[in-house]
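# Structural features, examined
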Amino acid sequence: MIQTVGSTFVVLLLTVLGCRLPSTKGRQILLLAVSYLFYANWGIGFLSILIISSLMNYTWGCALRRKATTPRLWIGIALNLLPLAFFKYLPVLLELGPAGSWQYDLGRQIILPVGMSFWTFQGLSYLFDIYFEEELDPSLLEFCLYMAFWPTVLSGPICRLPSMLPQFRQLSPFGWDDLSAGSLRLIQGVIMKFVLAQILGSGWQPGEGIAAGFDQMKGGWGGVDVWLLGIGFGFLLFFDFAGYSHMVIGTARIFAIRLPENFDRPFLSTTPSIFWTRWHMSLSFWIRDYVFNPLAAAGRRYRWWPYVVFIIAMTFFGLWHGAKWTFVVYGVYHGLVLVMHPLGAFLSWGTTFLLVAVGFIFFRAADLTQVWTMLSAVFTPAAYGRFAMPRNFYILTSTIAVGYFVVTAGHSLLLSWRARYSEAMSTRREPAEGLWPASLTGVTLIIGALFDFFTGRLWWWFAPVLSILAVFVGLAIYNESGVIAVTPFIYTLF
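As a further point, take the overall build of the chain. From N to C terminus, the chain includes 21 helices and zero strands. Scored against the burial criterion, the 494 residues of the chain give a buried share of 49%. Total accessible area on the chain stands at roughly 23,200 Å², and carbon and sulfur atoms take up 69% of it.

Below is the structure:
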């Protein structure tokens, strides 16, 4: 344990050193070494697969650049998807055999490298971009760094080389603005990931959390139980993965590297299509750009074809998460929702929120039988008089859900006041009459000034907090090895 926690500090210190080297190539070499050191903690075998994938994609990208033909692109796609299918989907098929058989034992021995789906998609996006005539000329060193960059290698966000390459070539020195903004994101992510997600998943007492509601119940759910389990798991997944994404984006921002956003207040979406522009954005946009758009363009003369492509793309989205029928049905369900919602009346925020909650039941349920049982409770009026979960479950889930919307509204208001304060300060005069309500002008100025001061100078008090959090996060991450089935981050499984 001491060795692995120490490795975390080594990675951070070497990254700081790398960002201060005067030579661009020297910085890239050190950052790549740090990234490989970080990923090697999950297994040298996993690191070998990552390196092989990086070399293969770079070599095939060079061949595709010389002659960008469709057959060459399909070969590159196959070279990426076949290894992913071997590690991700073959074990599930083999384990369908009887326990103790050689097929079952072989399936149990095949372990998916941590984060393989994420960096495989990054390699694929590089090939697609070359095929679509994007001007990309990375060196082998730069491409390997893009594939293995240590903040994103485990669970994304899925990056694109056109946005990362200029940053690797012109690494900016540390700035107080980056340090402050990154620190704030890191703190936000730690609270979401290690506090809210843990409380919501486990409850205040054993048997009260979301996990118990799905795993320990064998039936007998009431209608309210199912709705709160769907809503609660959506928030659990959001706090877990969005919190992790905030931590990654914040850490990279501290080192003046900007990563793509992954979540943008998805539960405030007013339509399903808007939801998918705010939820797991790096994957949603990847599927939009490299699956939906090319397929839709291929049959654009047929008016019905885009609707079919919606279902195909979302089925692909579900299957990406794993070889389970529940994931496939989850994708098909959201594809149908996307197809149907433009055909009907305007869907309000409430309808979208409930449709998304039903989708999370598909995503989390153990099998289709459990899905059917839970949905039956939703559509059975008598089931709404039955309450099977502990009382604290209803209090906890409702409180966190309502609290999320209250905090989101409050944060938006603070940002608005901060923007107005900054505007007033930039003009060096009092705000124009009517800009704020007269009774609140002084309060708004004070709150806006305080919010601007503390967020802009977070580094004043964040240094000791960062040290404590680094120990805590290091213990949480490295407490698990790369060969077990459950990791500290839900999406690391993918």
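Alright, that's what it looks like, and here's the rest.
Together, Leu295, Tyr302, Trp304, Tyr307, Val308 and Ile312 make up a nonpolar patch on the protein surface, roughly 520 Å² of accessible area in all. Here the element with the most residues in the nonpolar patch is helix H15 (residues 305-320); it accounts for three residues. Position of Ile312 among the secondary structure elements: in helix H15.

Take unusual backbone geometry next. With an omega dihedral of 5°, the bond running from Gly156 to Pro157 counts as a cis peptide bond. Of note, Pro157 is situated in the loop between helix H8 (140-148) and helix H9 (161-169). Unlike most non-glycine residues, Ala256 shows phi in positive territory, near 65°. Looking at where Ala256 falls in the secondary structure, it is placed in the loop between helix H12 (223-254) and helix H13 (272-275). Here Arg265, not a glycine, exhibits a phi torsion of approximately 45°, which is positive. Tracing the chain through its elements places Arg265 in the loop between H12 and H13. Arg265 sits in the partly exposed class, given a relative accessible area of 37%.

Moving on to the packing of H12 against helix H18 (residues 368-378). For the pair H12 and H18, interaxial distance at closest approach is 7 Å and the crossing angle is 120°. Put simply, H12 runs oblique to H18. The two elements H12 and H18 cross, and the hand of that crossing is left-handed. Of the residues in H18, those touching H12 at Gly223, Val226, Trp227 and Leu229 are Met374, Ala377 and Val378. Looking at the contact of H12 with H18 residue by residue, the classes come out as six nonpolar, one polar and no charged.

With that settled, the discussion passes to the packing of aromatic side chains. On inspection of all chains with the given rule, the structure shows 52 aromatic pairs. An angle of 10° between the planes, with centres 6.1 Å apart, marks the rings of Phe121 and Phe316 as stacked. You can see Phe121 sitting in helix H7 (residues 116-131) and its partner Phe316 sitting in helix H15, a full 195 residues away along the chain. Judged by its relative accessible area of 29%, Phe316 falls in the partly exposed class. With centroids separated by 5.5 Å and ring planes inclined at 80°, the aromatic side chains of Phe238 and Tyr404 adopt a geometry described as edge-to-face.

What follows covers the environment of Trp325. Position of Trp325 among the secondary structure elements: in helix H16 (residues 325-340). Trp325 sits 41 residues away from Ala366 along the chain, and the two C-alpha atoms are 9.7 Å apart.

Along an α-helix, residues three or four positions apart point the same way, because every turn accommodates 3.6 residues. Every buried residue belonging to H18 is among Gln370, Val371, Met374, Leu375, Ala377 and Val378, and all of these are buried. Looking straight down H18, one finds its buried side chains confined to an arc of 150°; they lie on one side. Residues of H18 that are exposed and point over 90 degrees away from its buried face: Thr369 and Trp372. Residues of H18 that are buried in the fold lie against helix H11 (210-215), H12, H16 and helix H17 (349-364).

Turning our attention to the pattern of salt bridges. In the structure shown here, the tally under the stated rule is ten salt bridges. For Arg169, the salt bridge goes to Glu142, with nearest N and O atoms at 2.9 Å. Of the two residues, Arg169 sits in helix H9 while Glu142 sits in helix H8, which places them 27 residues apart along the sequence. Judged by its relative accessible area of 30%, Arg169 falls in the partly exposed class. Salt bridges linked by common partners bring Asp137, Glu142 and Arg169 together as one network.

Between two packed helices, the angle of one axis relative to the other and the distance separating the axes together describe the packing. Following both chains from N to C, one finds helix H2 (residues 24-40) and H8 inclined at 35°, their axes separated by 9 Å at the closest point. Relative to H8, the crossing made by H2 is left-handed. In this structure, H2 contributes Lys25, Gln28, Ile29, Leu31, Leu32, Ser35 and Tyr36 to the contact, and H8 contributes Leu141, Glu142, Cys144, Leu145 and Ala148. Residues of the contact of H2 with H8, tallied by class, amount to eight nonpolar, two polar and two charged.

Once that is clear, we can look at the confidence of the model for the chain. Chain-level statistics for the chain give a pLDDT mean of 84 and a share of 81% at 70 or above. Summarising per-element confidence for the chain, the mean pLDDT is lowest in helix H21 (residues 459-478) (54) and highest in H8 (97). Across residues 430-440 the pLDDT falls below 50, and counting only partners more than four positions away or on other chains, this stretch makes eleven contacts in the model. Long-range and interchain partners of residues 477-489, a stretch whose pLDDT sits below 50, account for 29 contacts in this model, where long-range means more than four residues apart.

So, about the side chain of Ser245. With respect to the secondary-structure elements, Ser245 resides in helix H12. Classification of Ser245 as buried rests on a relative accessible area of 2%. Beyond its immediate sequence surroundings of up to four residues, Ser245 is in contact with Asn262 and Phe263.

Thresholds applied
- Residues numbered from 1 in each chain as written.
- Predicted model: local features only at pLDDT ≥ 70, side-chain atom pairs only at ≥ 80, totals over all residues.
- Heavy atoms only, no water.
- Helix = DSSP H or I, 4+ residues; strand = E, 2+ residues; numbered from the N terminus.
- Buried < 20%, exposed > 50% of the residue type's maximum accessible area, 1.4 Å probe, protein only.
- Areas by Shrake-Rupley, 256 points an atom, 1.4 Å probe, with all protein chains shown as cover.
- Patch = residues over 30% accessible without salt bridge, like charges linked within 9 Å, V, L, I, M, F, W, Y side chains within 5 Å.
- Salt bridge = Lys/Arg side-chain N within 4 Å of Asp/Glu carboxyl O.
- Axes fitted to C-alpha atoms, helices over the stretch in contact; angles between N-to-C directions.
- Parallel < 35°, antiparallel > 145°, perpendicular 65-115°, else oblique.
- Left-handed = near helix turned anticlockwise from the far one by under 90°.
- Contact = heavy atoms within 4.5 Å.
- Nonpolar A, V, L, I, M, F, W, Y, C, P; charged D, E, K, R; others polar.
- Phe/Tyr/Trp six-rings, centres within 6.5 Å; stacked < 30°, edge-to-face > 60°.
- Arc of directions from axis to C-beta.
- pLDDT = per-residue confidence, 0-100.

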